[in-house]
Amino acid sequence: MSILEEIRKMVYSGEEEKALALVEKALEEGFEPQDIMDNGLVKGIQDCGAAYENKEMWIPELMLAAEALKRCLLILKPKMIEAGGGQSIGKVVLATVQGDVHDIGLELVGVMLESAGFTVRFMGGNVPTPDVINAVKEDKPDLLGLSTLLSNTMPVIPDILKILETEGIRDSVKVMVGGAPIRQEYCDEVGADGYAVDAVSAVLIAKKLRGVS
Ligand code: B1M
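It should be emphasised that the depicted structure is a prediction, and the values quoted were computed from it without experimental measurement.

**Some words on the overall build of the protein chain**
And then number 1: Along the protein chain, the regular secondary structure elements total nine helices and five strands.
And then number 2: Sequence-ordered secondary structure for the protein chain, helices as α and strands as β, is α-α-α-α-β-α-β-α-β-α-β-α-β-α.
And then number 3: Over its C-alpha atoms, taken along the principal directions, the protein chain stretches across nearly 55 × 45 × 25 Å.
And then number 4: Residues counted as buried form 45% of the 213 residues belonging to the protein chain.
And then number 5: Long-range pairs, those at least 24 residues apart, make up 72% of the contacts in the protein chain with a sequence separation of at least 6.
And then number 6: Accessible surface computed for the protein chain: about 10,700 Å², of which carbon and sulfur atoms make up 52%.
And then number 7: Each charge class in the protein chain can be summarised by its mean position, and for the 21 positive and 34 negative side chains these summaries are 3 Å apart.

**Here's the deal with the site of the ligand**
And then number 1: In the vicinity of the ligand lie 34 residues, with Val-101, His-102, Asp-103, Ser-147 and Ser-151 positioned nearest.
And then number 2: Separating an oxygen atom of the ligand from a backbone N or O atom of Ile-104 is a distance of 3.5 Å.
And then number 3: For the shell around the ligand, the secondary structure elements donating two or more residues are helix H3 (33-53), helix H4 (59-84), helix H5 (104-115), strand E3 (143-147) and strand E4 (174-178).
And then number 4: The residue makeup of the shell around the ligand, split by class, is 20 nonpolar, nine polar and five charged.

**What about the coordination of the cobalt atom of the ligand?**
And then number 1: There is one protein donor for the cobalt atom of the ligand, namely His-102 (NE2), at 2.1 Å.
And then number 2: Inspection of the secondary structure assignment puts His-102 in the loop between strand E1 (91-96) and H5.

**Thoughts on the state of the cysteines**
And then number 1: Tallying each qualifying case throughout the model produces zero disulfides.
And then number 2: A disulfide-free cysteine, Cys-72 has its sulfur positioned 12 Å from the sulfur of Cys-48, the nearest such atom.

About the criteria used
- Residues numbered from 1 in each chain as written.
- Predicted model: local features only at pLDDT ≥ 70, side-chain atom pairs only at ≥ 80, totals over all residues.
- Heavy atoms only, no water.
- Helix = DSSP H or I, 4+ residues; strand = E, 2+ residues; numbered from the N terminus.
- Buried < 20%, exposed > 50% of the residue type's maximum accessible area, 1.4 Å probe, protein only.
- Contact = heavy atoms within 4.5 Å.
- Areas by Shrake-Rupley, 256 points an atom, 1.4 Å probe, with all protein chains shown as cover.
- Lys, Arg positive; Asp, Glu negative; His and termini not counted.
- Charge placed at Lys NZ, Arg CZ, Asp CG, Glu CD.
- Near = heavy atom within 4 Å.
- Polar contact = N/O pair within 3.5 Å; in protein donor to acceptor, adjacent residues only side chain to side chain.
- Nonpolar A, V, L, I, M, F, W, Y, C, P; charged D, E, K, R; others polar.
- Donors = N, O, S within 2.8 Å, 3.2 Å for Na, K, Ca; no water.
- Disulfide = S-S within 2.5 Å.

Listed below in structure tokens is the structure:
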């Protein structure tokens, strides 16, 4: 079994220490951080998603897997950002909306944006709407990235957009949306400025919204 397969398995089974040791080993062996992330960590959590859907895995195990992935990401994150280097091409605030704790995918979006040269404030999951609004007012970001993985928290996105409008700050910030249940049609319908299906396209969309190539 390749080392990336082993990492995938250790994330799946929530074996945090073993996953960490394998990530360190993979780095020593010269694997690219992006490769470790995409083909080890993310594959592992995707396997969890499939197992959860098939009722072969339950929430406590899912939480262990998510924790293992996040600890490994702590090692990879600075290396991926370092690989980006250079001057900031824009300020981004990222939040998963109120009522939804899922923040792994958004954190990956943040890492990719930082590696591409954006300055990122990652607010994490279940961020109260007033905190999102305050972050836009105080940080004055070029871009606000909103994520949700739950169907029942999708309406929070148009709520945030409406508040930005009422507060007279909607035009000061571009809003990018994403997360498993979100589609381009939804983005158009609620009046967001951009939609990205994954972390790689999030960088392309963010650059497009900033007018940089
Ligand atoms: Co939950 N969960 N979960 N969960 N969980 C899902 C999302 C679910 C699809 C599983 C299922 O039933 N099949 C389902 C949602 C169904 C729905 O509403 N449509 C679900 C549910 C129901 C729940 C609970 C309600 C379960 C319960 O308690 N009964 C509960 C919700 C709690 C809450 O939020 N209030 C819950 C809890 C949890 C854990 C805490 C255990 C854990 C989250 C830990 C954490 O994030 N800190 C968890 C996990 C891990 C998952 C699955 C298995 C994996 C999510 C993940 O991290 N994927 C997930 C099943 C699945 O996705 N198949 C599931 C890996 C990640 C890299 O992908 O997040 O899609 P993803 O992000 C991608 C893209 O979507 C995109 O780029 C990312 C990177 O490429 N993207 C953006 C995301 N945000 C973006 C923003 C952008 C642009 C792109 O611009 C701003």
